[in-house]
Every structure is written in structure tokens, then in C-alpha cells.
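One letter stands for each residue in the lines below.
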Amino acid sequence: MSADAVEQATLPLMPTHSGVIVPGMVVNVILESDEAGAAVDAAQQAERRLVLVPYVDGRYARIGTLAQLEHLEQAPDGRRAAMIRGVSRVEIGAGVSGDGHTLWVATRDVDELAADTERVQQLATEYRAVAEGVLGRRGGEQLAATLSGISDPSQLADTVVYLPELSLQRKVEALETLDVAQRLEKATAWAREALAEAETAERIRSEVTENMERTQREYVLRQQLQQIKREIGEGDDEDPAERYRAKLAELDERADGVPDQVRGKIEREIDRLERTSEQNPEHGWIRTWLDWMLEMPWGVHDPDRLDLSQARAILDADHTGLDEVKDRIVEQLAVRKLRRDRGLDRHASPKASHDDQAAEAPANPGEGGESRPGDERGEQPAGEQQPAGDEEREQPAGDEEREQPAPARHAARGSGAILTLIGPPGVGKTSLGESVARALGRQFVRIALGGVHDEAEIRGHRRTYVGAQPGRIARAIRDAGAMNPVVVLDEVDKVGNDWRGDPSSALLEVLDPAQNHTFNDHYLEADLDLSDVLFIATGNVAETIPPALRDRMEVIRLDGYTDGEKAAIAASHLLPDQLERHGLGADEVTIDHHAFERVISEYTREAGVRELSRELAKLVRKVATRIASGETNPPVHVAADDVADLLGTRRYEHETREDITEPGVATGLAVTGAGGEVLFVETSVADGDAGLTLTGQLGDVMRESASIALDHVRARADRLGLSGVSFDRAFHVHVPAGATPKDGPSAGVAMTVALASLLSGRRVRSGVGMTGEVTLSGKVLPVGGIRAKVLAAHRAGLGEVILPQRNAPDLDDVPDEVRQAMDIHLVGDVGQALDVALEEASVQAA
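Residue positions within a chain follow its written sequence, with the count starting from 1. For this predicted model, a pLDDT threshold of at least 70 governs which residues receive local features, and a threshold of 80 or more governs which side-chain atom pairs are given and counted, while totals over whole chains, interfaces and linings are taken from all residues. Hydrogens and water molecules were not included; the side-chain quantities draw on all heavy atoms of the structure.

1. Things to note about the overall build of the protein chain
(1) Moving on: Comment: elements are numbered from the N terminus, with helices defined as DSSP H or I runs of at least four residues and strands as E runs of at least two. Summing up its helical and strand segments, the protein chain has 30 helices and 24 strands in all.
(2) Moving on: Counting across all 846 residues of the protein chain, residues that qualify as buried make up 46%.
(3) Moving on: Sequence separation of 24 or more characterises 75% of the internal contacts of the protein chain that already satisfy a separation of 6 or more. Only protein chains enter the calculation, and the probe is 1.4 Å; a residue is then buried if its accessible area is under 20% of its type maximum, exposed if over 50%, and partly exposed in between. Contact criterion: two residues are considered in contact whenever any of their non-hydrogen atoms come within 4.5 Å of each other.

2. Structural notes on the sheet that holds strand E9 (residues 486-490)
(1) Moving on: When DSSP finds two or more bridges between a pair of strands, those strands are recorded as paired. With respect to topology, five strands assemble into an open sheet ordered E8-E9-E12-E7-E13, the strand pairing being parallel. Both edges of this open sheet fall to strand E8 (444-448) and strand E13 (554-557), since each of them pairs with a single strand only. Here the strands of the sheet are splayed against their neighbours by 20 degrees on average, with no regard to which way each runs.
(2) Moving on: Direction of pairing for E9 relative to strand E12 (residues 534-539): parallel, over a ladder of four bridges. Convention adopted: a line fitted to C-alpha atoms gives each axis, helices being fitted over their contacting stretch, and angles between N-to-C directions are expressed from 0 to 180 degrees.

3. A closer look at the environment of phenylalanine 519
(1) Moving on: Here phenylalanine 519 is to be found in strand E10 (residues 519-521).
(2) Moving on: Separated by 45 residues in the primary sequence, phenylalanine 519 and alanine 474 place their C-alpha atoms 9.7 Å from one another.
(3) Moving on: When residues no more than four places from it in sequence are discounted, the contact partners of phenylalanine 519 are Ile458, Arg459, Ile473, Glu509, Val510, Ala526, Asp527, Leu528 and Leu530.

4. A few points about helix H5 (residues 168-176)
(1) Moving on: Here H5 has its buried residues at Lys171, Val172, Ala174 and Leu175. Around the axis of H5, the buried residues are gathered within 155 degrees of arc, so they sit on the same side. Here the arc refers to the directions that run from the helix axis out to each C-beta atom.

5. A word on the sheet that holds strand E20 (residues 768-770)
(1) Moving on: Read across the sheet, seven strands follow the order E18-E19-E17-E16-E20-E23-E24 without closing on themselves; strand pairing throughout is mixed. Looking at which strands have only one partner, the edges of the open sheet turn out to be strand E18 (691-695) and strand E24 (823-827). On average, each strand axis in the sheet is tilted by 30 degrees relative to the strand beside it, whichever way the strands run.
(2) Moving on: Where strand E17 (residues 675-686) meets strand E19 (residues 730-734), five bridges bridge the pair, whose relative direction is antiparallel. Residue valine 685 lies in a different strand from E19, and its bridge partner there is phenylalanine 731.

6. What about the pairing of strand E3 (residues 50-53)?
(1) Moving on: Side chains Leu50 and Leu52 project from E3 onto one buried face, and the interleaved Val51 and Val53 project onto a second face that is buried too.
(2) Moving on: Relative to strand E4 (residues 63-74), E3 is paired through four bridges, and the arrangement is antiparallel. By the bridge assignment, valine 53 is partnered in E4 with threonine 65.

7. Quick word on the pattern of salt bridges
Opposite charge on two side chains makes pairing possible when the charged atoms of those side chains draw close.
(1) Moving on: Salt bridge, as used here, is a side-chain nitrogen of Lys or Arg placed within 4 Å of a carboxyl oxygen of Asp or Glu. A complete count under the given rule lists 44 salt bridges for this structure.
(2) Moving on: Taking the shortest distance from any N to any O, the salt bridge between arginine 463 and glutamate 525 comes out at 3.7 Å. One end of the pair, arginine 463, is in the loop between helix H18 (456-459) and helix H19 (472-480); the other, glutamate 525, is in the loop between E10 and strand E11 (526-528), and 62 residues separate them in sequence.
(3) Moving on: A relative accessible area of 35% means that glutamate 525 is categorised as partly exposed.
(4) Moving on: Here the salt bridges do not stand alone but share partners, grouping Glu269, Arg272, Glu282, Arg463 and Glu525 into one network.

8. Describing the nonpolar core
(1) Moving on: Ranked by internal contacts, the top residues of the largest apolar core, which has 51 residues, are Ile266, Ile473, Leu489, Val510, Leu530 and Phe535.
(2) Moving on: Residue contributions to this core peak at six residues, all from helix H9 (residues 281-295).
(3) Moving on: Discounting residues that sit within four places of it in the chain, leucine 489 has contacts with Ile447, Leu449, Ile473, Leu511, Phe535, Ile536, Ala537 and Thr538.
(4) Moving on: In terms of nonpolar packing, the next biggest core, distinct from the first, is built from 50 residues, Ala311, Ala437, Ile556 and Ala570 among them. Note on terminology: a nonpolar core comprises buried Ala, Val, Leu, Ile, Met, Phe, Trp, Tyr and Cys residues joined through side-chain atoms within 4.5 Å.

9. Describing a nonpolar patch on the surface
(1) Moving on: Patch building starts from residues that exceed 30% relative accessible area and form no salt bridge, then joins like charges within 9 Å and nonpolar side chains (Val, Leu, Ile, Met, Phe, Trp, Tyr) within 5 Å. The Shrake-Rupley method, run with a 1.4 Å probe, gives the accessible areas here. Residue values count only the displayed protein chains as cover. A cluster of nonpolar side chains, contributed by Ile204, Val208 and Met212, occupies part of the molecular surface with about 290 Å² of accessible area.
(2) Moving on: For valine 208, the position within the fold is in helix H6 (residues 180-231).

10. Section: the packing of helix H26 (residues 700-715) against helix H27 (residues 748-760)
(1) Moving on: In contact at an axis separation of 9 Å, H26 and H27 are set at 40 degrees when each is read in the N-to-C sense. The angle between the axes of H26 and H27 places the two elements in the oblique class. The hand of the H26/H27 crossing is right-handed. Facing H26, whose interface residues are Met702, Ser705, Ala706, Ala709, Leu710, His712 and Val713, H27 presents Gly748, Met751, Thr752, Leu755, Ala756 and Leu759.
(2) Moving on: Think of it as three bins: nonpolar holds Ala, Val, Leu, Ile, Met, Phe, Trp, Tyr, Cys and Pro, charged holds Asp, Glu, Lys and Arg, and polar takes everything else, Gly as well. Class assignment of the residues belonging to the contact of H26 with H27 gives a composition of nine nonpolar, four polar and no charged. An angle below 35 degrees is treated as roughly parallel, one above 145 as roughly antiparallel, one from 65 to 115 as roughly perpendicular, and anything else as oblique. The sense of a crossing depends on the near helix, which, turned anticlockwise from the far helix by less than a right angle, makes the crossing left-handed and, turned clockwise, makes it right-handed.

11. A look at the confidence of the model for the protein chain
(1) Moving on: Mean pLDDT for the protein chain: 79, with 83% of residues reaching 70 or above.
(2) Moving on: A residue's pLDDT is the predictor's confidence in that residue, given on a scale from 0 to 100. Throughout residues 1-5 the model reports pLDDT below 50, and contacts reaching past four residues in sequence, or to other chains, amount to seven contacts.
(3) Moving on: Every residue in residues 348-415 scores below 50 in pLDDT, and together they form 93 contacts with partners more than four places removed in sequence or on other chains.

Pasting the structure below:
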């Protein structure tokens, strides 16, 4: 009996993992399970040799495939395999099991009823075209020819399961679709998807190949063009790697040369550059890094001008006053001179005498800035001045050298110093750094740190970031052209510290003399020796500098200038500068000394000279306008009586005594970011609930001072003559300028005096300023900023100040002219302060 004659029969079920088998498919099936082997054995014994194949993985469904067992064979791995041929689709019915295998009832399904319709033929033609297109793009011309020989639409539709892109779910769907037309429609749609994917893949592959070929062609053409230019003398015979090696060799010829660690990194990157194609993005990154490394002044050190008298003359010529800072710079020079003379300095030749360097310095201190360190390097090539360290390196190390390792160890750390100038604006902190550089004969670089939030600004970016570059420290060294410039770190007290970063932590290594000889920049990935760099940090207040950073600094305070110093600065520095800016000569406009004093006292109220410079600029502009308009002819002399005509109405009153007209008001002294200032403490009392109200944006420290002052006055009421005064009332302490935050341990005396004045009815004496902190027992504690506070009192026209007894040594910092002009009262107990500050009783006690 033939297989076609089977309409209903009980057949062995052969599970398989070979996927979907459709009619007409011939496939070798590995008999992986006992059930599959039993089904094949049963079919082999039967006359028709038929088996029933479910559609996938042995899962039973309504539609399966009736298959003819062709023959059995043995697979290479020793397992049994059966070759079967799909015959037709069958419907799977109920089954029984027995004899080691499962038997199913299979009924043949008639699905050929519409095989000859016109619609089916059109679909078959369309599907054949699409399928041949897919096979043609994959190089399957023979399969395409076989496809054209299939005339049965049902068999033709079944060939869709051969597409590798077709999912198992869709293959099962093709098997279960009994309507030939529907199966052809699905097969055509799936084949179109496969064709579109093949076309897209081919287009992408073609574009990639074309781009690769174009890149290769351009590379060959560039090489040919470069060779042509060389032949006609227009090209560069050296490639970039050779040029970098040549620049590295030039750096090695300097006095100290490139450090071995740095040289090794540069050489490795040059070798990597040679192996990297120009079309590779890393080629540009490597070249940028090499450019930075070879632009760094490795081994270049400006020789210090170690003539102490010459350096002091330059500092005095550039700045009036600031003796403490000038003394500290001269001390620094003295230390470097001793180190050089005793052979401890790495970068100053012991052969160079003091007289030789003094001869190189300009005769006129005011012209010292014309001889730049860079010019000195040009006049003395590195090869002509070999440092002692290099001379020792070239000679065999003797026993004496081995017995004296201390100089080398000290030299490794250098003798760098980190000076921090703290003071109000306009006192010349930044310009002082320029003068220090001129006095030393070094290059000067300024780094503005105000508002910096990113640590990479200090340490540099990692090379993996797009747009990476070295940090500001490394860039400053590069810009200076030497490894030992004077670097001013401006506004170090305003460095940001929030979620975006903490640059102050990165500054710890920069400003630590014990660590900065191996400062590592993240971009350069090399250690920079900053021990010979003279760092000068500037700021307005030291309290906002992080403690760990402040611990590494040598703080020098610039509290401001006296009126006499301001007049001298105006005459010798500010006025000549303004005349030059406004196109006037020094002989065309002169200003009387008394005119300077009037501008200072009536139009400025500051610790520095910045506002004074603006007022002088205004005055010079007025004079320049009159000269340019022909209203007056030079020379023009400005006297004290002319100041009001040129600058307008005075802005500040000289005296403050008129501000105190009733009891309960005291004049305190404080220090802010703008320098020393005079502030008033006002008090009042009213009937109501007992308590203390504080206003004026007072911080926690000043609030505590107010509470202590009130409790002290209450506890000493009998001694202060207030035995009949009631304290069960509402007290109010106010410090004017409420929009300005205020805090600090210096207002206790002023608050105590103000409360005692209010309750006793005794007014505070005019022209008396006071500062100091008070304890509950009445002792007056010392405070800081004495010089700035006394100067502020002097500027405000106060004739007397009350200071803590323990601050007596701080009066040495106050200029003599100010001490002589003021009465200074030193008190150890608040009672002494009350005796000095309060007048005799003039009104009834509150």
C-alpha cells in the first residue's frame, strides 16, 4: 500500500528536535530519545514504513507531518540516525500507548482543493520571484534554479521554512496553514522581509567596504604626495615622531635636562605615535599630549637675584609700607643666598658670586622690571652655566660624596615657601607678588581661584576626557617658561566647595612644602617639582580658608594703610599712573599734599587705596577736560580748596561723635573682609515680657556676647549703681546695617557698655571706640585684628580706643603716627571700660 493511499491509520509517533518538517522535505534525524528509536523500529517492521512527526520538540498539536522512513544509518558520533521524507500534512487525533512507543490516529487532511485557481498561480509566481531574489543575494543560484522547477503551489509555499531568518513560530504557522493561498501570502510577506534585510545588510557592507577602500586610497595618495613634495624640495623629510625626538633631545641639553621618569613617558608615547595611523583619533590625542609635555620648561630655572639690598630697594620702590612682607621676602632671599653659597641649592651654581649677580641687576631699582628673567636666560645659555648637581652627576661618585647625603636629601625637598597675604581689597596683595618676582628676577604668573569648583582646574583632566588639558598649576609653569616662577594664587579664600567638587583639597598637595616636589598632574601623568616655586596666596579673610589648607600657609596680614601712607602712595604711585592713563605729563598736573589728605579724609573710607585711585582718576579727568577744552592751560596745580570743585560734595564726615546723642549707644570696632570698620551697638528697653531681642543679622557668637553682657549687667547692678532698675522688661540690641551679616568674638565690651549706658542714663563719651570680649565674671578677653581696628578708628576720627589688656603686645604693629594721635586704654575688667567710656549721669536711669 502506498503512502498516498493512507486516509486513516494508527501510526507510531517519532518526536524530534530537528525543527519543523514539511511535506517534500528530506532530512536526517538523530534518534535522541528512546521514544524516537521505538517509533522508527515499529515503522521499519510495518509494511508502509510510515511515522508521524509532530511539528516541534515532541509537543503534540492538531497538525503534524506524515513522513516516509527511507533508511537507517549510524551518525559519526555513534548514535542512530534515520532519513525521512515528508509526505503530507495530517491531523493528529487521540492515541494509545503500548509496546514501548505511542500510537496515534492520523487522518489525512485535503488541502489541495484550490491548487489550480488563478489567484494561487499569481501568488506562486510572486513568491518565486521574491525567493529567487533572496537566494540570488546569498549566492544560492543553484537553489534558485531548483525553486523554479517546483510547479506545485503547496510544495512551493512550503519552501519558505528553508529561510534561516524565519523564526520557529512562523515555520509552525506555515505548517498549520492548510489553505495554499493563505500560505503563499504569508510566505511572500516573510520572504519580502528577508529580502529587505538582505538588501540593508548588503548596503551597509558595501558602504563599509567603500569607506575602507577610500581611507586606504587616501592614505596611499597622502604618502605619494608627501614623497612627491620631498622630491621637489617642498616636503618635510622628518615625520612627526622624529620631530618630537629632536625636541626631546633639545630639552635634554638644558641645565638639568628632562627627568628620567618624564623622558621615559615621552619616549613611550612617541613610539606609540609611530604605530598609530593618522586616521585614528588617538593620533591627535597623542600629539596634543606630546606638545604639552615638550612645551613644559623641564630643567629651566631662573637664577635668583640674591642681592639683598637691591631686592629691598625694588620692593620699597614699588610699595609704600608693608614692611612685614618685605622683611619676609628679604629673609627668603637670605636663605637662598646661604644655600647657594654653601652648595645646597640645586639650581644656582656655587661658582656664581654675589657680585656677579648684583652686576647683572639694573642700577635703578625702579627699572628692575625691564630685565626679564627670560632675557637673562637668553644671555646665558644653559650650556654655559652647568649646575653643581649636573657636574657631580658627570663625575664618578667619590667617598666624600657618599659620606654627605644630607645636601642631596634637602635639595630634593627644595626651600619653597607658601606666603599667604590676608587683607582687605586694595592694599596691594596681587601687585606685591609682581614686585617680589622683580626683586627675585623670576617670572610672574597669576592664577585666579575665585569661584573655582572643579578639582580638575588644579590637577588637570584625565586624558580619557574629550577636551582634556592640564590643570592651572601646570599651565602656569608652561606660561612662565621656568620651573621656579612666582605664582600668585588670587582669592584663595573664595575657592568653591560644593557638590561639584572641592578644589581646596587638590591645593593641599600644591601648597605643602613636604609634598609638592612630586605634584602629579592628571593630564600630564608626570610629577612636577613645585618645591622651587614661590607661591603667594591672597585673600580677604582667613576664616573661610579650610583649616587643613590654612595649616600649610604662612599667613601675613595686611590690615591697611594710615592716612599718611595713603598720601605717600597717592603721590608716588597712583597719581603718576592716572596721569599716564589720561595722556597727561607729570609736569602738567600737580596735586598739593593737603589736597591728597582732603581726598583721603572726605571722599574715601577704606583700608586700601582702590577707592582713592578712582577718586584721583575722576579728579584727573576733570583737569584733562579743562585742558582739552582750552578752559585752562598747563601746568595745573590742584590745592586743597580745589578738591570740592573737582570732586563735588564730600561723602564722609571726619567725626563720628555726633552719631552718639543719647544713652544706650556705643561705638564698636570690628574686622570684615573690607578691613577694619566702625559699627554702632544700639540698645533699648520697654515694658512687656522679659526677654532679649537681637537684630542686625548677628551670628551665634555675637548673640552669645549680647546674652553675656545683659547677664553681667544684671549681676553687677549694685556695683554699677543700678540697684533700683528693673530687669524684667523687654531688651532690644540692634547693630545697624542689618543687611550685612555680622559675627565674631569682639563685641562683648561694646554691648556691655551700651546696656550699662541705657540703664544708668549715662551717655557714652564721644570719640571712644572699643573692642574685646567679656566673660560672665566681667573679665575682658583678647581679640584679633587690633591693628586693623585701630586704623579703622583713626580713619573714622575717633580719638580714643579701649582695648583688652592682653592685646598690649599687638600695639607694636600699629604705626607710630596712629598711636601718637590716639589715646589707647588697656583694660582687664569691664568695670574699667565703663569708667573710661561713660560720661557722668545726665538723664534719669531707664
